[in-house]
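One-letter residues, chain by chain:
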Amino acid sequence: MRVVLMGPPGAGKGTQASRLVETFGMTHLSSGDIFRAEKASGSDLGQKLADYMTRGELVPDEIVVEMMAKAITNVDGGLLLDGFPRTVAQAEALDKTLEQADAPLDAVVVITADDEAIVDRITGRRSCPKCGKGFHVKFMPSEKGGYCDACDGEIELTQRGDDKEETVRQRLSAYKAQTEPVIDYYRKSDDVEVVEVDGMQSPEAVTKDMVAALEKLQG
Ligand code: ADP
Ligand code: ADP
Ligand code: ZN
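Residues numbered from 1 in each chain as written. Chains lettered and ligands numbered in written order. Predicted model: local features only at pLDDT ≥ 70, side-chain atom pairs only at ≥ 80, totals over all residues. Heavy atoms only, no water.

Student: I'm lost on the packing of helix H4 (residues 61-73) against helix H5 (residues 88-100) in this one. Help?
Tutor: Two numbers describe a pair of packed helices, the interaxial angle and the distance between the axes. Two elements in contact, H4 and H5, have axes whose closest approach is 10 Å; the angle formed by their N-to-C orientations is 30 degrees. Regarding the angle of H4 to H5, the classification is roughly parallel. In this structure, the crossing between H4 and H5 has a hand that is right-handed. Here Asp 61, Val 64, Val 65, Ala 69, Ile 72 and Thr 73 of H4 come into contact with H5, specifically with Ala 89, Gln 90, Ala 93, Leu 94, Thr 97 and Leu 98. Residue classes in the contact of H4 with H5 are distributed as eight nonpolar, three polar and one charged. (Axes fitted to C-alpha atoms, helices over the stretch in contact; angles between N-to-C directions. Helix = DSSP H or I, 4+ residues; strand = E, 2+ residues; numbered from the N terminus. Parallel < 35°, antiparallel > 145°, perpendicular 65-115°, else oblique. Left-handed = near helix turned anticlockwise from the far one by under 90°. Contact = heavy atoms within 4.5 Å. Nonpolar A, V, L, I, M, F, W, Y, C, P; charged D, E, K, R; others polar.)

See below:
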């Protein structure tokens with residue numbers, strides 16, 4: 001099964017993706033994670049990505065499409081795309097990549113969330129730099145306070161540099177202007193099913209809805 005996970009920043013894409021990939025045997029590819037890894041490598045490309053990311057602006061399509069096509073081509077079998085595509089041009093490029101691989105998309109799952117909740121979720125987001133586990137200071141706290149409970153409290157949780165209120169508002173406006181049209185692009189397609197899940201529920205309730213939606217798609 002090949003699925004695109006969409007939704008505004010903070011909707012819960014990463015949280016849900018990491019809970020679902022094992023159950024459904026999919027590889028989780030997050031464009032944001034791929035870009036942050038490139039940035040951490042200290043390459044020229046990474047520096048270029050960082051210029052856009054710290055401002056909360058979208059990275060230009062040519063760069064995104066090339067990097068994501070490479071990552072997707074390396075995946076065999078089920079795929080859960082998170083954060084890509086974010087523009088109609090990226091969606092068109094993805095169609096081509098998947099067509100060449102004879103591996104079309106099955107569905108697009110959109111997680112919805114209110115603007116005000118988004119700011120609270122993003123500013124409270126923390127993650128473990130060692131194992132990648134995600135937390136929220138209020139909504140999904142670590143049992144070990146500011147330290148990762150999956151790593152026995154030995155690793156201090158960190159905050160992303162772009163998870164600040166000003167940057168979140170910029171990312172949200174980029175989502176509305178450039179990414180929401182991608183949902184309509186898929187709604188118009190005959191081959192792809194678009195499913196909406198209410199992201200304002202508890203993380204467990206969202207997972208339950210997502211599992212039900214994906215099971216239905218799997219048939
Ligand atoms: P995205 O990948 O869509 O940007 P994340 O999965 O990283 O979003 O979630 C953003 C923040 O909100 C994280 O700190 C996460 O722990 C928290 N979170 C995720 N889902 C929920 C939820 N259903 N209710 C409350 N907080 C949530
Ligand atoms: P979130 O899910 O919390 O919105 P991501 O980790 O997906 O954040 O993305 C972080 C940043 O990386 C974005 O603000 C943008 O600068 C860049 N980015 C990620 N994916 C894309 C994409 N498909 N197209 C353009 N820019 C992207
Ligand atoms: Zn950890």
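Student: Whenever I open this one, the site of ligand 1 confuses me. Can you help?
Tutor: Around ligand 1, 18 residues are found, and the nearest of them are Gly 10, Lys 13, Thr 15, Arg 125 and Phe 135. Interatomic distance of 3.4 Å between a side-chain N/O atom of Arg 121 and a nitrogen atom of ligand 1. Here Pro 203 contributes a backbone N or O atom positioned 3.4 Å from a nitrogen atom of ligand 1. Coverage of ligand 1 by the protein amounts to 91% of the 560 Å² it exposes when considered alone. Elements with a minimum of two residues in the shell around ligand 1: helix H1 (13-24) and strand E6 (134-136). (Near = heavy atom within 4 Å. Polar contact = N/O pair within 3.5 Å; in protein donor to acceptor, adjacent residues only side chain to side chain. Areas by Shrake-Rupley, 256 points an atom, 1.4 Å probe, with all protein chains shown as cover.)

Student: Could you clarify how one ought to interpret the site of ligand 2 in this entry?
Tutor: Of all residues adjacent to ligand 2, which total 19 residues, the nearest are Ser 31, Glu 57, Gly 83, Arg 125 and Arg 171. When ligand 2 sits alone it has 550 Å² of accessible area, and the protein chains cover 97% of it. Ranked by the residues each element gives to the shell around ligand 2, the list is headed by helix H2 (residues 31-40), at four residues. Residues that form the shell around ligand 2 fall into these classes: seven nonpolar, four polar and eight charged.

Student: What's the story with the coordination of the zinc ion (ligand 3) in this structure? I'm lost.
Tutor: Where a metal carries four tetrahedral donors, each ideal angle is 109.5 degrees; where it carries six octahedral donors, the ideal angles are 90 or 180 degrees. The zinc ion (ligand 3) binds to the protein through Cys 128 (SG), Cys 131 (SG), Cys 148 (SG) and Cys 151 (SG); the donor distances cover 2.3 Å. Every donor counted, the four donor atoms about the zinc ion (ligand 3) form angles of 105 to 114 degrees at the centre, which fits tetrahedral coordination. Along the chain, the residues that donate to the zinc ion (ligand 3) are spaced as C-x2-C-x16-C-x2-C. Note on accessibility: Cys 148 and Cys 151 belong to one class, buried. (Donors = N, O, S within 2.8 Å, 3.2 Å for Na, K, Ca; no water. Tetrahedral: all angles 85-135°; square planar, octahedral: opposite > 155°, others 65-115°. Buried < 20%, exposed > 50% of the residue type's maximum accessible area, 1.4 Å probe, protein only.)

Student: Which parts of the structure should I look at to understand the sheet that holds strand E3 (residues 78-82)?
Tutor: Adjacent strands of a sheet pair through backbone hydrogen bonds, lying either parallel or antiparallel. Sheet architecture is open: five strands sit in the order E2-E3-E1-E4-E7, paired in parallel fashion. Each edge of the open sheet carries a strand with a single partner, namely strand E2 (26-30) and strand E7 (193-198). Geometrically, the sheet is characterised by an average inter-axis angle of 20 degrees between neighbouring strands, direction not taken into account. Two strands pair when backbone bridges link them, and strand E4 (residues 107-112) and E7 are joined in this way by six bridges, in the parallel orientation. Looking at E7, one finds that Ile 111 is bridged to Val 197. Where helix H8 (residues 203-218) meets the sheet, it contacts strand E1 (2-6), E2, E4 and E7, and its direction lies at approximately 160 degrees from that of E7. (Pairing = 2+ DSSP bridges.)

Student: Can you help me understand the nonpolar core in this one?
Tutor: Soluble, globular proteins show a tendency: their nonpolar side chains are buried together. Val 4, Ile 72, Leu 81, Leu 94 and Tyr 186 are the most contacted members of the largest nonpolar core, which totals 28 residues. Every element with two or more residues in this core is listed here: E1, helix H3 (44-55), H4, E3, H5, E4 and helix H7 (165-187). The element contributing the most residues to this core is H4, with six residues. Not counting the four nearest positions on each side in its chain, Ile 72 is found in contact with Leu 29, Leu 79, Leu 81, Phe 84, Leu 94, Thr 97 and Leu 98. With 21 residues, the next largest nonpolar core counts Leu 80, Ile 111, Val 168 and Met 210 among its residues. (Core = buried A, V, L, I, M, F, W, Y, C linked by side-chain atoms within 4.5 Å.)

Student: How should I be thinking about the environment of Ala 205 in this particular structure?
Tutor: Note that Ala 205 resides in helix H8. Given the relative accessible area of 24%, Ala 205 is considered partly exposed.

Student: Explain unusual backbone geometry here, please?
Tutor: Peptide bonds are mostly trans, and most non-glycine residues show a negative phi. Following Phe 84, the chain continues into Pro 85 via a peptide bond in cis, with omega recorded as 0 degrees. Within the element layout of this structure, Pro 85 appears in the loop between E3 and H5. Positive phi, normally seen in glycine, also occurs at Asp 102, with a value near 55 degrees. Assignment of secondary structure puts Asp 102 in the loop between H5 and E4. Within the chain, Asp 152 stands out as a residue other than glycine whose phi angle is a positive 55 degrees. Within the secondary structure, Asp 152 is located in the loop between E6 and H7.

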